[in-house]
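Chain by chain, the residues:
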Amino acid sequence: MKKTLILILTVLTFFSCKKEHFSVEGYLVDERNGNHFNPYNDAKVRLVTDQGYGYTDELGSCQVDQNGYYKIAIKNKKTGFTARLQLSVGDDWHLNQDHNMTVSNNGYYDFIIKCPVTLNRVIANQTATNFDSITVNITNSKGTVVYKRPLNTNYTTLNITQLRGDEKNYLVSYIYASGLFDTRYDTVFVGCRTTVNDSIKY
């Protein structure tokens, strides 16, 4: 009887403490051609659950390999809960992506990597006139993105990240200064995931 009781307790303890094994895997995929790739030096994927007030609990993480592949293997006591799969790219939060998912036995999620261009536009005033404001209209294949930046100094930099690579981006800049305004037209066409430096001297 004693051996039977010990055996039953052992089995119950085993099943109550058993953790589910599951994995989440996928690739970074180029939006233009569907190829697997990794254009970043420091790309990491994390599986987290939100705990509220900005806190998260990390269930697992891994670095993305050179082919754009990642796999997170996890042991957890339960499945069927909501989690967030995060792609983080170094310190550049503009490139981060999130997938909301329900954790089951296994999951497969690709991250579609877009083709952005960062434009650093420096507007330098060579006169004593202060800028009142600058409006930049950008037209590309996705429509128009509007920026309006009031300026209180004679020197500023506009950092624009919504330009798209491998296509033409049409920029119209409206510069307002002391009740007068000037209009500048530019076309930016460069490769993906690059930074363009441009300056306007006024």
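Throughout this document, residue positions are counted from 1 along each chain, in the order its sequence is written. Totals for whole chains, interfaces and linings use all residues, but because this is a predicted model, local features are given only for residues with pLDDT of at least 70 and pairs of side-chain atoms are given and counted only at 80 or more. Each side-chain value is derived from all of the structure's non-hydrogen atoms; neither hydrogens nor water enter the calculation.

(A) Structural view of the overall build of the protein. Put simply, DSSP marks the helices as runs of H or I at least four residues long and the strands as runs of E at least two long, and each gets a number from the N terminus on. Within the protein, the secondary structure is distributed over one helix and 15 strands. Counting the 202 residues in the protein, one finds 35% classified as buried. In this description, contact between two residues means that some pair of their heavy atoms is separated by no more than 4.5 Å. In the protein, of all internal contacts separated by at least 6 residues, the share reaching a separation of at least 24 is 62%. For the protein, the exposed area adds up to about 12600 Å²; of that, 50% sits on carbon and sulfur atoms. Each residue's exposure class comes from its accessible area (1.4 Å probe, protein chains only) as a fraction of the maximum for that residue type: buried when under 20%, exposed when over 50%, partly exposed otherwise. For the area figures, the Shrake-Rupley method with a 1.4 Å probe applies, and any residue is considered shielded solely by the protein chains shown.

(B) Quick look at the pattern of salt bridges. For salt bridges, the criterion is a side-chain nitrogen of Lys or Arg within 4 Å of an Asp or Glu carboxyl oxygen. Inspection of the entire model under this criterion finds eleven salt bridges. Its salt-bridge partner being aspartate 30, residue arginine 193 comes within 3.8 Å of it at the nearest N-O pair. Here the residue arginine 193 occupies a position in the loop between strand 14 (180-188) and strand 15 (194-201), and aspartate 30 occupies one in strand 1 (residues 20-30), the gap between them amounting to 163 residues. For arginine 121, the salt bridge identified is with aspartate 198, shortest N-O distance 2.7 Å. Of the two residues, arginine 121 sits in strand 9 (residues 116-124) while aspartate 198 sits in strand 15, which places them 77 residues apart along the sequence. Each of the salt bridges in this network shares a partner with another, and the network as a whole consists of Asp30, Arg32, Asp166 and Arg193.

(C) Here's a closer look at the pairing of strand 13 (residues 169-177). Pairing between strand 10 (residues 133-140) and strand 13: seven bridges, direction antiparallel. Bridge pairing in strand 13 links isoleucine 138 to leucine 171. When DSSP locates at least two bridges between a pair of strands, those strands are taken to pair. Two successive antiparallel strands, strand 13 and strand 14, enclose a turn made up of two residues, where serine 178 displays a positive phi of approximately 50°.

(D) Region of the structure containing the pairing of strand 14. Sheet analysis places strand 13 next to strand 14, joined by nine bridges and oriented antiparallel. In the strand pairing of strand 14, tyrosine 170 is matched with threonine 187.

(E) The arrangement of the state of the cysteines in detail. Here, a disulfide means two cysteine sulfur atoms that sit within 2.5 Å of each other. Counting across every chain of the model gives one disulfide. Bridging cysteine 115 to cysteine 192, the disulfide has an S-S length of 1.5 Å. Here the S-S torsion is close to -85°, and the disulfide linking cysteine 115 with cysteine 192 is therefore left-handed. Separated by 77 residues along the polypeptide, cysteine 115 in the loop between strand 8 (111-113) and strand 9 and cysteine 192 in the loop between strand 14 and strand 15 bring together distant segments of the chain. Taking the relative accessible area as the measure of exposure, cysteine 115 reaches 3% and is therefore buried.

(F) Inspection of the side chain of serine 23 at higher detail. Position of serine 23 among the secondary structure elements: in strand 1. Identification of polar contacts relies on pairs of N or O atoms within 3.5 Å, with a donor-acceptor requirement for protein atoms, meaning one able to donate a hydrogen and the other able to accept it, and with residues adjacent in sequence counted only if both atoms are side-chain atoms. Among the polar contacts listed, one links the side chain of serine 23 to the side chain of asparagine 106, at a separation of 2.9 Å. When neighbours within four sequence positions are excluded, serine 23 is seen to be in contact with Lys71, Ile72, Ala73, Asn105, Asn106 and Gly107.

(G) Just the nonpolar core, in detail. Formed by 22 residues in total, the largest nonpolar core has its most connected members in Val45, Leu47, Tyr70, Ile72, Leu85, Leu87 and Phe111. If you list the elements that add at least two residues to this core, you get strand 1, strand 2 (43-52), strand 4 (69-76), strand 5 (82-89) and strand 8. For this core, the element with the most residues is strand 5, which contributes four residues. Ignoring anything within four residues of it in the chain, the contact list for tyrosine 70 reads Val24, Glu25, Gly26, Tyr27, Val45, Cys62, Val64, Leu85, Tyr109 and Phe111. Grouping buried Ala, Val, Leu, Ile, Met, Phe, Trp, Tyr and Cys residues that are joined through side-chain atoms within 4.5 Å yields what is termed a nonpolar core.

(H) Just the environment of threonine 82, in detail. Counting through the fold element by element, threonine 82 comes out in strand 5. Separated by 33 residues in the primary sequence, threonine 82 and threonine 49 place their C-alpha atoms 7.1 Å from one another. Filtering out sequence-adjacent residues up to four positions away, threonine 82 remains in contact with Thr49, Met101 and Thr102.

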